[in-house]
Amino acid sequence: MFYLSQKKITRLEFLKIFGVSGASLLLPGLLPNGLSARAQNGHSVKEDIIPVTTLIKPDAISLRSGDNFGSTVVFPDGYDITDVNVSSVRCEGATVVDNILRPKDRSIIFLYNIGDLRDNLPGGYSVEFTINGQLNDGTPFEGSDTVAVLCASQGVIYHTSTRKRKSCNACKSHAVNKIFASRELADINRAHRGCNCGIVKEEINWQYYISAFGQTSKASATVYDKRWGWPPQLPMGA
Ligand SMILES: [Zn+2]
């Protein structure tokens, strides 16, 4: 669990995390396959905004650590990354403290400091981070990825919602009682096949969050049913 260490992550270590070796920096080539594949997930596309595929590292960010974190942003075909106005780039309030341009991949690695993230950023095992910025001509670009965020004051949970819908009792009960650690989990664990309820996110007290989902590992509980007790029982010793 390198992400919990107190050690500052250096620029070079970051490059390794993103799969960039010293040699490939000298001779920029294609992005590692794993990175391209993962970067396809979860970016949001809006009209007139250039959609960029985004991957944030490390996978878990402790808000108390003061470390750096990074994002790789890959532009679609036809864009020249030297047109990017780096000073316009923000990731949940954080400005860029360092960047590495990789023109042949149309990608840029931006580094940020965790201490620069917005104050009210919620925590949880699946927190959506959006990166946005502009080209020098003002054209906006945007992409997002989800990461785990630890040591927050609120936690993000996801659940289905029957608001403004005619719903069966199974969906109503499910929406009121079952909360999930990620949007994907809420989607695959619906009340019944064919359920088309919306999925919404909500912030809950961090103590409730870690009581429901566990504190230390992404592999701990991913669903909590409020009928098991609400607020959840605090862990022993908390
Ligand atoms: Zn439903």
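Cut-offs applied
- Residues numbered from 1 in each chain as written.
- Predicted model: local features only at pLDDT ≥ 70, side-chain atom pairs only at ≥ 80, totals over all residues.
- Helix = DSSP H or I, 4+ residues; strand = E, 2+ residues; numbered from the N terminus.
- Contact = placed C-beta atoms within 7 Å.
- Core = buried A, V, L, I, M, F, W, Y, C linked by C-beta atoms within 7 Å.
- Buried ≥ 20, exposed ≤ 12 C-beta atoms within 10 Å, placed from the backbone.
- Domains from an automatic or database assignment.
- Pairing = 2+ DSSP bridges.
- Axes fitted to C-alpha atoms, helices over the stretch in contact; angles between N-to-C directions.
- Arc of directions from axis to C-beta.
- pLDDT = per-residue confidence, 0-100.

It is worth spelling out the overall build of the chain at this point. Each helix and strand in the chain was counted, giving six helices and 14 strands. Look at the contacts in the chain between residues 6 or more apart in sequence, and 65% of them connect residues 24 or more apart.

One finds Phe110, Ile157 and Phe213 to be the most contacted residues of the largest nonpolar core, which totals 40 residues. Residue assignment places this core across two domains, with domain 1 (2-150) and domain 2 (154-228) each supplying three or more. Excluding residues within four positions of it along the chain, Phe110 makes contact with Gly70, Ser71, Val73, Val89, Val96 and Asn99.

Our next topic: the sheet that holds strand E4 (residues 68-74). The strands making up a sheet are joined through hydrogen bonds of the backbone, oriented either antiparallel or parallel. Sheet architecture is open: four strands sit in the order E2-E4-E8-E7, paired in antiparallel fashion. Two strands in the sheet have a free side with no partner beyond their single neighbour: strand E2 (53-57) and strand E7 (98-102). For this sheet, the mean angle separating the axes of adjacent strands, direction not counted, is 15 degrees. With five bridges joining them, E2 and E4 adopt antiparallel strand pairing. Within E4, the position partnered with Leu55 by the bridge is Thr72.

Moving on to the pairing of E7. Relative to strand E8 (residues 107-113), E7 is paired through five bridges, and the arrangement is antiparallel. Note that in E8 the partner of Asn99 across the bridge is Phe110. Hairpin connection of E7 to E8: four residues between the antiparallel strands, including Arg106 at a positive phi of 55 degrees.

Owing to its 3.6 residues per turn, the α-helix aligns residues three or four sequence positions apart on the same side. Within the span of helix H4 (residues 169-177), buried status applies to Cys171, His174 and Ala175. When H4 is viewed along its axis, its buried side chains cluster within an angular range of 95 degrees and face the same direction. The inward-facing, buried residues of H4 contact strand E11 (154-161) and strand E12 (178-180).

Moving on: unusual backbone geometry. With omega at -5 degrees, the peptide bond leading from Lys57 into Pro58 counts as cis. Relative to the assigned elements, Pro58 resides in the loop between E2 and strand E3 (60-62). With omega at 0 degrees, the peptide bond leading from Trp230 into Pro231 counts as cis. Here Pro231 is to be found in the segment after strand E14 (223-225).

Our focus in this paragraph is the environment of Ile17. Relative to the elements of secondary structure, Ile17 occurs in helix H1 (residues 11-17). Linking Ile17 and Pro58, residues 41 residues apart in sequence, is a C-alpha distance of 7.6 Å. Each residue touching Ile17, except ones within four places of it in the same chain, is listed here: Lys57 and Pro58.

On to the environment of Asn99, then. Locating Asn99 in the fold gives a position in strand E7. For the pair Asn99 and Leu111, spaced 12 residues apart in the sequence, the C-alpha separation amounts to 5.9 Å. When neighbours within four sequence positions are excluded, Asn99 is seen to be in contact with Val86, Ile108, Ile109, Phe110 and Leu111.

Okay, the confidence of the model for the chain next. Here the chain shows a mean pLDDT of 84. Residues at 70 or above account for 79%. This model gives residues 1-6 a pLDDT under 50, and the stretch forms eight contacts once residues within four places in sequence are excluded. Low pLDDT, under 50, characterises residues 23-45; the predicted model gives this stretch 37 contacts beyond four residues in sequence or across chains.

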